[in-house]
Amino acid sequence: MRQSLLVFVCRVWGGGGGSGSGVCGAWGGGSSPPSSPALTTIKHQLKRNPKRTANQATLLAKVASKRDQRAMKALGLVPLRSDEDRTEQVWERYQALQEVLRTGHLHGGATRRTSEKRAVEIGLGHLAQVAGYTDEVRLTWAMERHRLRRLRNGRAEATAHGVTVSVEIDGDAKAAVSVRRGEKQLRSLPAKVRASESVASVLELRAALRRSGVRVRQTLERMMVDANPLSCADIAEMWEHP
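Trainee: Explain the pairing of strand E1 (residues 155-160) to me, and be specific about the residues and the numbers.
Mentor: Burial along E1 is one-sided: Ala 156, Ala 158 and Ala 160 are buried, while Arg 155, Glu 157 and Thr 159, pointing the other way, are not. Sheet topology note: the E1/strand E2 (residues 163-169) ladder contains six bridges and is antiparallel. Note that in E2 the partner of Ala 156 across the bridge is Val 167. Between E1 and the antiparallel strand that follows it, E2, lie two residues; His 161 among them carries a positive phi value of about 55 degrees.

Trainee: So what's going on with the sheet that holds strand E3 (residues 175-181)? Residues and values would help.
Mentor: With antiparallel pairing, the four strands of this open sheet are ordered in space as E1-E2-E3-E4. Sheet topology places E1 and strand E4 (184-185) at the edges, where each strand pairs with a single neighbour.

Trainee: So, the environment of Leu 189: which residues are in play, and what are the values?
Mentor: Counting through the fold element by element, Leu 189 comes out in the loop between E4 and helix H8 (191-194). For the pair Leu 189 and Val 179, spaced ten residues apart in sequence, the C-alpha to C-alpha distance is 6.7 Å. Ignoring sequence-local partners within four residues, the contact set of Leu 189 consists of Val 163, Val 165, Val 179, Arg 194, Val 199 and Leu 203.

Trainee: Describe the confidence of the model for the protein chain, listing the residues and the values that go with them.
Mentor: Per-chain confidence: the protein chain averages 77 in pLDDT, with 73% of residues scoring 70 or above. The low-confidence segment residues 49-53 (pLDDT under 50) makes four contacts with residues lying over four places distant or belonging to another chain.

Trainee: Explain helix H5 (residues 86-102) residue by residue, including any values.
Mentor: Spacing of three or four residues puts side chains on the same side of an α-helix, whose turn is 3.6 residues. Taking 1.5 Å of rise per residue, 17 residues should cover 24 Å, and H5 covers 24 Å from first to last C-alpha, within 8% of that figure. Among the structural elements, helix H3 (56-66), helix H4 (69-75), helix H6 (110-131), helix H7 (136-149) and helix H9 (197-226) are those in contact with the buried residues of H5.

Trainee: Outline the environment of Val 179, supporting the account with residue identities and numerical values.
Mentor: Secondary-structure assignment places Val 179 in strand E3. Val 179 gets classed as buried once you look at its relative accessible area, which sits at 9%. Filtering out sequence-adjacent residues up to four positions away, Val 179 remains in contact with Val 163, Thr 164, Lys 184, Gln 185, Leu 186, Ser 188 and Leu 189.

Trainee: Describe the packing of H5 against H7, and please don't skip the residues or the numbers.
Mentor: Running from N to C, H5 and H7 point in directions that differ by 105 degrees, and their axes come no closer than 10 Å. Compared by their axis directions, H5 and H7 come out roughly perpendicular. Contacts from Thr 87, Glu 88, Val 90, Trp 91, Tyr 94 and Gln 95 in H5 reach Leu 139, Thr 140, Met 143, Glu 144, His 146 and Arg 147 in H7. Of the residues in the contact of H5 with H7, the class split is five nonpolar, four polar and three charged.

Trainee: So what's going on with the pattern of salt bridges? Residues and values would help.
Mentor: Here the structure, examined in full by the defined rule, presents ten salt bridges. Residue Arg 67 is joined to Glu 116 by a salt bridge in which the shortest nitrogen-to-oxygen separation is 2.8 Å. Of this pair, Arg 67 sits in the loop between H3 and H4 while Glu 116 sits in helix H6, placing them 49 residues apart in sequence. The exposure class of Arg 67 is buried, given its relative accessible area of 9%. Residue Glu 84 pairs with Arg 81 through a salt bridge whose shortest N-O separation is 3.2 Å. The exposure class of Glu 84 is partly exposed, given its relative accessible area of 41%. Of the residues examined, Arg 81 reaches a relative accessible area of 44% and is grouped as partly exposed. Through salt bridges that share partners, Arg 67, Arg 112 and Glu 116 make up one connected network.

Trainee: Please give an account of H3 that cites residues and values.
Mentor: Every buried residue belonging to H3 is among Gln 56, Leu 59, Leu 60 and Val 63, and all of these are buried. Viewed end-on, H3 has its buried residues packed into an arc of 100 degrees, placing them on one side of the element. The exposed residues of H3 that point more than 90 degrees off its buried face are Ala 57, Ser 65 and Lys 66. Contacts made by the buried residues of H3 are with H4 and H5. Put simply, Asn 55 is the residue that caps the front of H3, since its side-chain oxygen is 3.3 Å from the backbone nitrogen of Ala 57. Count one or two residues on from H3 and you reach Arg 67, which has phi positive near 50 degrees.

Analysis parameters
- Residues numbered from 1 in each chain as written.
- Predicted model: local features only at pLDDT ≥ 70, side-chain atom pairs only at ≥ 80, totals over all residues.
- Heavy atoms only, no water.
- Buried < 20%, exposed > 50% of the residue type's maximum accessible area, 1.4 Å probe, protein only.
- Helix = DSSP H or I, 4+ residues; strand = E, 2+ residues; numbered from the N terminus.
- Pairing = 2+ DSSP bridges.
- Contact = heavy atoms within 4.5 Å.
- pLDDT = per-residue confidence, 0-100.
- Expected span 1.5 Å × (residues − 1).
- Axes fitted to C-alpha atoms, helices over the stretch in contact; angles between N-to-C directions.
- Parallel < 35°, antiparallel > 145°, perpendicular 65-115°, else oblique.
- Nonpolar A, V, L, I, M, F, W, Y, C, P; charged D, E, K, R; others polar.
- Salt bridge = Lys/Arg side-chain N within 4 Å of Asp/Glu carboxyl O.
- Arc of directions from axis to C-beta.
- Polar contact = N/O pair within 3.5 Å; in protein donor to acceptor, adjacent residues only side chain to side chain.

This is the structure we're talking about:
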């Protein structure tokens, strides 16, 4: 990821663009996030009668159980609660929307997957505005960085039936799995260990980290293709990704 970022920086730096086109251009450099009619409407509704507006928990339930596309779009519009951790609130919504994309092939054909993808994109766009990010790309970078920070010392592990399974980010910036019985390294994971709930959660974390790397890389590559400039703050944040 850092190698791709360096290539992008060199391309933007050497592009010779006009005002705001350099590495530390004004685009994405802390300006206020754009507004939208839908966002303005929901804010007015909340001020008039907050009890009538669906809250985060209700929308999350509709997204998870019914795959309600209106709930997907509206999930990002609900203002963040001031009495709870803002990052965790954004993270919970972001995770729910990404899970829709991940499991789309299990719930319908190509047409439905396309409409759900569009609903998720709208929801993420709204969420980026409410959370104070310039766009969906910056939201994705921040949330995937948050995923990495949730790892304790860069690794997670679980033990079942005397076998310890651990996941960590290796030197190639990939989520690597280690299986040990005491000090002995095992070549494969026994079936009864794999069936353990704690081990299954660690293995799911590995899959999530791999998907995370793909998402971040794709957003950066898309910016390279579109020749979108990065601010110094963007580069500093991207540098924290493996």
